[in-house]
Amino acid sequence: MKKPVAQVRLLRVAFHLDAPLRRGSNPRTMNPSESYSALLAELREINRLGTMESLLAWDQQTHMPGKGTPFRAEQKSMLAAMMHQRLTSKKVGDWLSAVETSDLVADPQSDAAVNVRHTRRDYDRAMKLPEELVRERSRLSVMAHQAWVEARKNADFAAFVPWLEKTIALVRREADCIGYKKHPYDALLDEYEPGDTTADVQAVFDELRDPLLQLVGRIVDCGREAPVEILERTFPVDVQEKIVRQASAAIGFDFQAGRLDVSVHPFCQTCGPHDTRLTTRYDEHSFGDSFFSVLHETGHGLYQQGLPPEHFGAPRGHPVSLGIHESQSRLWENLVGRSRPFWRFFLPKLKHVFGPTLADVNEDDWYAAINDVRPGFIRVDADEATYNLHVLLRFELEQAMVTGDLAAADVADAWNERMKKYLGLTPPDAAKGALQDIHWSLGAIGYFATYTLGNLYAAQFFEKASRDLGDLNAMLARGDFAPLLHWLRTNIHSHGQRFGARDLVRRVTGQKLSARPMMEHLNRKAAEIYRI
Ligand code: ZN
């Protein structure tokens, strides 16, 4: 939820790379095994370019002086162009064709089959987009983003409408180039959650919608309020820095292969097989802001650190999808980090370092405060339950935008109608409504669904881990996080892209993706805190 879109796009680009033809090698005279080696070498080199771009992006958001921006943009766009050219080169297509018809890929789960299958997907996708469209998209995203920043500042939706119109038209063209079976939105969704169609996501969101609305309604109606003021007391930043680092290391983040720095928006960026960088921000009067964002980004980081380093630079060593990536961050942030056992372990440490500030706080009050459910206008500030209603709203509007059923000019009104229906609120202005997210300004239509998919995957994985590991609550309460991390490494991280997201969840949990585990988790928590 706190990973900037541009970052994720960057990672995706970095995942899908291509490599240099060795001098003297000719794809037409190479045998399949040589073709595969050449392909792999090319993928790893393109990935190296991607990691350089990642490092530049990390530096830009953490250390670079502001005046460095224009030159940094040139550096990054040069690397992006180099990667795109290499991925879409003819030799990559030739190597792929040579290997695809060979025995090397006979077993669909073999490393070669995984690498070839995913590279083919990315290659075909890249080849279907005319260069003119790719350039236009890049140009438009810069312009539309600038317009969005200004429009949001002035809460002026009308000023953003022409840019949203252009963006919708462009992604619609993109969907037509890529192709789809049923819904143009399928082609867009597929960029972020490979293999999922609109109908797949719709089915699981339909299962979620009513039970979630009922739960939130019951919490609001019960009238019981959590003592959230505890979280707004004074927490000196230097002490917060120490404690978030301690929490991140406790759950397993390897600081010998990673860092934690400060940026405006928290994110996780991987710059190499043993180099994963997290960021956060600190607010002296909001304990949760940095603490939970660090747990969240640590979850992303643990996934990156758990991918097989020997496959770094090839799909076999890449994360499955944004939804699965988000499942790892949400699992540590919410399923672990907002659980009672976690705080049985960690609250005494907090009380020790913050002294009198938390002297009067008991476990019940703390647990209620960090799990406060309250409808609000802003998605990124939302709690574990209402967050998903913000996502449902965007998922529905985006589909209507892409089919042409909803004109850009009508988006703000449609937004407000759904806010009223789902959260019982009417935004006072567009800055707190349809202009709040960066995604559309960057052309990232089809992205939002992955946040709630992540929540659903997280709950389903966590339920199975609890069953497999015995008394997981007791482990968390004594600060023993290693068995859970080991379970995630074994079942999820170590596979890279061997299995698609839906296949992975079925293999790991024995069941298809469902809203049930998350709803049970949320209902249990609400029963405990709100006594409903
Ligand atoms: Zn995230």
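**Structural notes on the overall build of the protein chain**
Now for step 1: Check the secondary structure of the protein chain and you find 21 helices and three strands.
Now for step 2: The C-alpha atoms of the protein chain give 23 Å as radius of gyration, which agrees with the globular expectation for 532 residues (24 Å, within 12%).
Now for step 3: Principal axes of the C-alpha set define a box for the protein chain whose edges measure 75 × 50 × 50 Å.
Now for step 4: Counting only residues that meet the buried cut, the protein chain has 57% of its 532 residues in that class.
Now for step 5: Put simply, 75% of the contacts in the protein chain that link residues at least 6 apart link residues at least 24 apart.
Now for step 6: Here the protein chain has roughly 21400 Å² of accessible surface; of this, 53% comes from carbon and sulfur atoms.

**Remarks on the side chain of Thr-298**
Now for step 1: Structurally, Thr-298 can be placed in helix 11 (residues 287–306).
Now for step 2: Reaching out from Thr-298, the side chain makes a polar contact with the side chain of Ser-248 at a distance of 2.9 Å.
Now for step 3: Apart from residues lying up to four places away in sequence, Thr-298 is in contact with Ser-248, Ile-251, Phe-253 and Leu-278.

**As for the packing of helix 15 (residues 387–403) against helix 17 (residues 449–469)**
Now for step 1: Close contact between helix 15 and helix 17 brings their axes to 8 Å; oriented N to C, the two are set at 140°. Regarding the angle of helix 15 to helix 17, the classification is oblique. Two packed elements cross with a definite hand, and for helix 15 against helix 17 that hand is left-handed. Counted together, Tyr-387, Asn-388, Val-391 and Phe-395 of helix 15 and Ala-449, Tyr-451, Thr-452 and Asn-455 of helix 17 form the full contact between these two elements.
Now for step 2: Of the residues assigned to the contact of helix 15 with helix 17, the class counts are five nonpolar, three polar and no charged.

**Let's talk about the nonpolar core**
Now for step 1: Core analysis: the largest hydrophobic core is formed by 131 residues, its most contacted members being Trp-343 and Trp-366.
Now for step 2: Not counting the four nearest positions on each side in its chain, Trp-366 is found in contact with Ile-230, Leu-231, Phe-287, Trp-343, Leu-347, Leu-350, Leu-358 and Val-361.
Now for step 3: Counting residues in hydrophobic clusters, the runner-up holds 16 residues, among them Tyr-36, Ala-38, Leu-39 and Val-92.

**Side note on the sheet that holds strand 2 (residues 268–272)**
Now for step 1: Ordered in space as 1-3-2, the three strands form an open sheet in which the pairing is mixed. Two strands bound the open sheet, and with one partner strand each, they are strand 1 (258–262) and strand 2. Between one strand axis and the next, the sheet turns through 25° on average, direction left out of account.
Now for step 2: Pairing of strand 2 with strand 3 (residues 275–280), which is carried by four bridges, proceeds in the antiparallel orientation. Of the residues in strand 3, the one forming a bridge with Gly-272 is Asp-275.
Now for step 3: Contacting strand 1, strand 2 and strand 3, helix 2 (residues 32–62) crosses the sheet at an angle of about 135° to strand 2.

**Observations regarding the environment of Asp-289**
Now for step 1: For Asp-289, the location among the structural elements is in helix 11.
Now for step 2: The class of Asp-289 is partly exposed, set by a relative accessible area of 23%.

**Describing the packing of aromatic side chains**
Now for step 1: Here the structure, examined in full by the defined rule, presents 28 aromatic pairs.
Now for step 2: Here the aromatic rings of Tyr-387 and Tyr-451 are separated by 6.2 Å at their centres, their planes lie at 90°, and the arrangement is edge-to-face. With Tyr-387 in helix 15 and Tyr-451 in helix 17, this residue pair connects regions lying 64 residues apart in the sequence.
Now for step 3: Note on Trp-440 and Phe-448: the rings are 6.4 Å apart at their centroids and 85° apart in plane angle, and the pair reads as edge-to-face. In this pair, the class of Trp-440 matches that of Phe-448, namely buried.
Now for step 4: Three or more aromatic residues joined by ring pairs make a cluster, and in this case those are Phe-235, Phe-287, Phe-291, Phe-292, Trp-332, Phe-342, Trp-343, Phe-345, Phe-346, Phe-354, Trp-366 and Phe-481.

**Side note on the side chain of Ser-339**
Now for step 1: Residue placement: Ser-339 occurs in the loop between helix 12 (322–336) and helix 13 (340–354).
Now for step 2: Here Val-336 takes part through its backbone oxygen, which lies 2.7 Å from a polar atom of the side chain of Ser-339.

**Some thoughts on helix 4 (residues 90–100)**
Now for step 1: Listed in full, the buried residues belonging to helix 4 are Val-92, Gly-93, Trp-95, Leu-96 and Val-99. Viewed along the axis of helix 4, the buried residues span an arc of 165°, placing them on a single side of the element.
Now for step 2: Turning to helix 4, the residues buried within the fold contact helix 2, helix 3 (69–87) and helix 5 (111–128).

**As for the confidence of the model for the protein chain**
Now for step 1: Chain-level statistics for the protein chain give a pLDDT mean of 93 and a share of 95% at 70 or above.
Now for step 2: Contacts for the low-pLDDT stretch residues 1–24, under 50 throughout, to residues beyond four places or in other chains number 103 contacts.

**Quick word on helix 16 (residues 411–423)**
Now for step 1: In a regular helix each residue adds 1.5 Å, so 13 residues correspond to 18 Å; helix 16 covers 17 Å between its end C-alpha atoms and thus fits that length.
Now for step 2: Looking at helix 16, one finds that the buried residues are Val-411, Ala-412, Ala-414, Trp-415, Met-419, Tyr-422 and Leu-423. Within helix 16, the buried residues cover an arc of 155° as seen down the axis, which keeps them to one side. Looking at helix 16, the residues exposed on the side facing more than 90 degrees away from the buried face are Asp-413, Glu-417 and Lys-421.
Now for step 3: The inward-facing, buried residues of helix 16 contact helix 7 (157–178), helix 9 (198–222) and helix 15.
Now for step 4: Gly-424, located one to two residues past helix 16, shows a positive phi value of around 70°.

**A word on the pairing of strand 2**
Now for step 1: Taking burial as the measure, the five residues of strand 2 include five buried ones, the bulk of the element.
Now for step 2: What sits between the antiparallel neighbours strand 2 and strand 3 is a turn of two residues.

**Digging into the environment of Thr-280**
Now for step 1: Among the secondary structure elements, Thr-280 is positioned in strand 3.
Now for step 2: Among the residues examined, Thr-280 registers a relative accessible area of 0% and is labelled buried.
Now for step 3: The sequence separation of Thr-280 and Asp-206 amounts to 74 residues, and the corresponding C-alpha distance is 34 Å.
Now for step 4: In contact with Thr-280, not counting residues within four places along its chain, are Leu-260, Asp-261, Val-262, Ser-263, Pro-266, Ser-290, Ser-293 and Val-294.

**Some thoughts on the layout of surface pockets**
Now for step 1: Volume-wise, the second largest pocket comes out at about 440 Å³.
Now for step 2: Along the walls of the second largest pocket sit 21 residues, with Leu-335, Phe-462, Asn-473, His-521 and Arg-524 positioned nearest its centre.
Now for step 3: Looking at the lining of the second largest pocket, the elements with two or more residues in it are helix 12, helix 13, helix 17, helix 18 (472–477) and helix 21 (516–530).
Now for step 4: It is helix 21 that contributes the most residues to the lining of the second largest pocket, six residues altogether.
Now for step 5: Taken together, the residues of the lining of the second largest pocket sort by class into seven nonpolar, six polar and eight charged.

What counts, and at which threshold
- Residues numbered from 1 in each chain as written.
- Predicted model: local features only at pLDDT ≥ 70, side-chain atom pairs only at ≥ 80, totals over all residues.
- Heavy atoms only, no water.
- Helix = DSSP H or I, 4+ residues; strand = E, 2+ residues; numbered from the N terminus.
- Rg over C-alpha atoms; globule rule 2.2 N^0.38 Å.
- Buried < 20%, exposed > 50% of the residue type's maximum accessible area, 1.4 Å probe, protein only.
- Contact = heavy atoms within 4.5 Å.
- Areas by Shrake-Rupley, 256 points an atom, 1.4 Å probe, with all protein chains shown as cover.
- Polar contact = N/O pair within 3.5 Å; in protein donor to acceptor, adjacent residues only side chain to side chain.
- Axes fitted to C-alpha atoms, helices over the stretch in contact; angles between N-to-C directions.
- Parallel < 35°, antiparallel > 145°, perpendicular 65-115°, else oblique.
- Left-handed = near helix turned anticlockwise from the far one by under 90°.
- Nonpolar A, V, L, I, M, F, W, Y, C, P; charged D, E, K, R; others polar.
- Core = buried A, V, L, I, M, F, W, Y, C linked by side-chain atoms within 4.5 Å.
- Pairing = 2+ DSSP bridges.
- Phe/Tyr/Trp six-rings, centres within 6.5 Å; stacked < 30°, edge-to-face > 60°.
- Arc of directions from axis to C-beta.
- pLDDT = per-residue confidence, 0-100.
- Expected span 1.5 Å × (residues − 1).
- 1 Å grid on protein atoms, 1.4 Å probe; cavity = no way out; pocket = protein on both sides within 12 Å on 5 of 7 lines; lining within 4 Å.
- Points joined across faces, edges and corners; volume = space filled by probe spheres on them.

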